[in-house]
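Analysis of the macromolecular model
Listed below are the residues making up each chain.
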Amino acid sequence: MVRLLAALLRLQDWARTSAPRAARRADGERVLFLRPDRIGDMIVSTGVIRTIAAAPGVQLDVLASPANAPVLAREPLVHEVLILNRHGLAKIWQSIRAMRARGYDTVIDCMPTAPSVTTLMIMLASGARRRVGTLGRGLDEILSPAAPSLPIEAHIVDHLALLATPFVPSDATIDPSPVIELGEDERLAAEARWAAHDTPVSGPRCRLLVNISAGKTARHWPIASYADVIAAARAIAPSLTVCIVSAPHDRERGEALASLTHGHYLATRTLRDAFAVVAQANLFFTPDTSLAHAAAAFRVPTVDLLLAGNASQWGLYRAPGINLECPDDSLQSLDVRVASDALQQLLNAFLEPAMTTARDA
């Protein structure tokens, strides 16, 4: 399928050679960044999206999925977010018509490490004359230009950062670190939820948020293990405010952990609610999932529990915290003492400056 779609894209290019090229638009180059997949994929792409959107003469739209479109809900640099709904041919055709109606000059392939059939189909359907993607995936001939590539073990954000190179000056410094824009109303609502559970203390206050949910079964960790880690953290900071979050289907487990640890379960109605709750935390403890990338975007110190071999490509990116890999392909093998030590390290780092300031005062 990849070879067939690449051939169709080459045929599309050949058919255009005899057609007159459209005049440059007054509103600049209209660019479509393809990201119709998972929430975490969108979050790790936000820094690159912002870099391209801020480039001179570029008007950037993003093709998102219904799940990950909320990530960009408050992003001021993106001109428009289109949604690809794959549930039914009628909705797919509606999405394609909306995409083609905008007459994109350039489409960006968001899969820098391997070709994607879905992405190639969207590139073909977009009708864009220019396609940007990375080298070395068997697609070089259909890209204009092909961006450089990195070793597969490089972080996914660094892979994605290469997609910005055709749009920025060669001597420009690119910071592809993820960024999620929150509104003041979102932050205030989350702050009120935290404040309702804050423990009254005379010294430094610390809020620990624990997420128990992850998309894959291999990333599930026992509730008892989470409880042991929280207990070890409380041994250092007895006044620690502990809140638990989870996906809706894990609410029963989340409430059980809150009861077991004398914490508080925070039900989040929307993805944006969850983001805001993460942003108002002081520390975050989570299996590798989209909220770990959100915490990195908000610079919240995080213990990120990852499967073996995943940290280099999918761990926290240029953000405070600890990437903690388990020994194999299941978090069940992660030693509670190792995880507790990691959280205690972040807790001590958070508390020490505040305690020093209090002593000086």
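As a starting point, this report considers the structure included with it. Keep in mind that this is a model prediction, so the values were computed, not measured.

**A look at the side chain of S246**
Structurally, the position occupied by S246 is in the loop between strand 8 (241-245) and helix 8 (251-261). Owing to a relative accessible area of 9%, S246 belongs among the buried residues under this scheme. A polar side-chain atom of S246 sits 3.4 Å from the main-chain carbonyl oxygen of D250. Among the polar contacts made by the side chain of S246, one reaches the side chain of Y265 at a distance of 2.7 Å. In contact with S246, not counting residues within four places along its chain, are N211, I212, S213, R251, Y265 and T268.

**So, the sheet that holds strand 4 (residues 106-108)**
On the basis of which strands lie adjacent, the open sheet formed by 6 strands has the order 3-2-1-4-5-6 and parallel pairing. Each edge of the open sheet is held by one strand with a lone partner, namely strand 3 (80-83) and strand 6 (146-147). Where strand 1 (residues 29-35) and strand 2 (residues 58-64) come together, 7 bridges link them in parallel fashion. Note on strand 2: the bridge partner recorded for L32 is D61. On top of the sheet, helix 4 (residues 117-126) reaches strand 1, strand 2, strand 4 and strand 5 (130-134); it is set at about 155° to strand 1, its chief contact.

**As for helix 2 (residues 39-53)**
In an α-helix, one turn spans 3.6 residues; hence positions three or four apart end up facing the same way. Taking 1.5 Å of rise per residue, 15 residues should cover 21 Å, and helix 2 covers 20 Å from first to last C-alpha, within 8% of that figure. Along its length, helix 2 shows its largest kink, about 45°, at T46. Burial analysis of helix 2 places 13 of its 15 residues in the buried class, which makes it a mostly covered element.

**Regarding the sheet that holds strand 8**
The pairing of strands in a sheet comes from backbone hydrogen bonds and takes either a parallel or an antiparallel form. The 6 strands are arranged 9-8-7-10-11-12 in an open sheet whose pairing can be described as parallel. Because the sheet does not close on itself, it has two edges, and the strands there are strand 9 (264-265) and strand 12 (321-325). Where strand 10 (residues 283-287) meets strand 11 (residues 302-306), 4 bridges bridge the pair, whose relative direction is parallel. When the sheet's bridge partners are listed, P287 is paired in strand 11 with L305. Of the strands in this sheet, strand 7 (207-211), strand 8, strand 10 and strand 11 are in contact with helix 10 (residues 290-298), which crosses strand 10 at around 155°.

**Re the side chain of S65**
Here S65 is to be found in the loop between strand 2 and strand 3. A polar atom in the side chain of S65 sits 2.7 Å from the backbone oxygen of D37.

**Brief notes about the packing of aromatic side chains**
By convention here, two paired aromatic rings are described through the distance between centres and the angle between planes. All chains considered together, the criterion is met by 3 aromatic pairs. With centroids separated by 5.1 Å and ring planes inclined at 85°, the aromatic side chains of W221 and Y226 adopt a geometry described as edge-to-face. Y226 carries the same exposure label as W221, and that label is buried. Relative to F285, the ring of Y226 has its centre 6.0 Å away and its plane inclined at 85°; by these criteria the two rings are edge-to-face. Of the two residues, Y226 sits in helix 7 (residues 223-236) while F285 sits in strand 10, which places them 59 residues apart along the sequence. You can call F285 buried: its relative accessible area is 1%. Cluster of aromatic residues (ring-pair linked, three or more members): W221, Y226 and F285.

**Here's the deal with a nonpolar patch on the surface**
A cluster of nonpolar residues, M1, L4, L8, L11, W14, V117 and M121, forms a patch on the protein surface that exposes about 730 Å² of accessible area. Of the residues forming the nonpolar patch, the biggest block, 4 residues, is contributed by helix 1 (residues 2-16). Turning to its location among the elements, M121 is positioned in helix 4. The exposure class of M121 is partly exposed, given its relative accessible area of 45%.

**Details of the nonpolar core**
Within the largest apolar cluster, 72 residues are counted, with the highest numbers of intra-cluster contacts made by F33, I52, L209, F275 and F298. Once you skip the residues sitting within four places of it in the chain, L209 turns out to touch W194, C243, I244, V245, V277, V278, A281, L283, F284 and F285. Core analysis: the second largest hydrophobic core is formed by 34 residues, C206, L208, L307 and L331 among them.

**Some words on helix 8**
Taken as a whole, helix 8 has its buried residues at G254, L257, A258 and T261. Angular distribution of buried residues about the axis of helix 8 spans 100°; they occupy a single face of the element. What points out from helix 8, more than 90 degrees from its buried face, is the exposed set E252, S259 and L260. Of the residues flanking the end of helix 8, it is H262, one or two places downstream, whose phi is positive at about 55°.

What counts and what doesn't
- Residues numbered from 1 in each chain as written.
- Predicted model: local features only at pLDDT ≥ 70, side-chain atom pairs only at ≥ 80, totals over all residues.
- Heavy atoms only, no water.
- Helix = DSSP H or I, 4+ residues; strand = E, 2+ residues; numbered from the N terminus.
- Buried < 20%, exposed > 50% of the residue type's maximum accessible area, 1.4 Å probe, protein only.
- Polar contact = N/O pair within 3.5 Å; in protein donor to acceptor, adjacent residues only side chain to side chain.
- Contact = heavy atoms within 4.5 Å.
- Pairing = 2+ DSSP bridges.
- Axes fitted to C-alpha atoms, helices over the stretch in contact; angles between N-to-C directions.
- Expected span 1.5 Å × (residues − 1).
- Bend = angle between axes of the 7 residues up to and from the residue.
- Phe/Tyr/Trp six-rings, centres within 6.5 Å; stacked < 30°, edge-to-face > 60°.
- Patch = residues over 30% accessible without salt bridge, like charges linked within 9 Å, V, L, I, M, F, W, Y side chains within 5 Å.
- Areas by Shrake-Rupley, 256 points an atom, 1.4 Å probe, with all protein chains shown as cover.
- Salt bridge = Lys/Arg side-chain N within 4 Å of Asp/Glu carboxyl O.
- Core = buried A, V, L, I, M, F, W, Y, C linked by side-chain atoms within 4.5 Å.
- Arc of directions from axis to C-beta.

The analysis is restricted to geometry; functional conclusions fall outside its scope.
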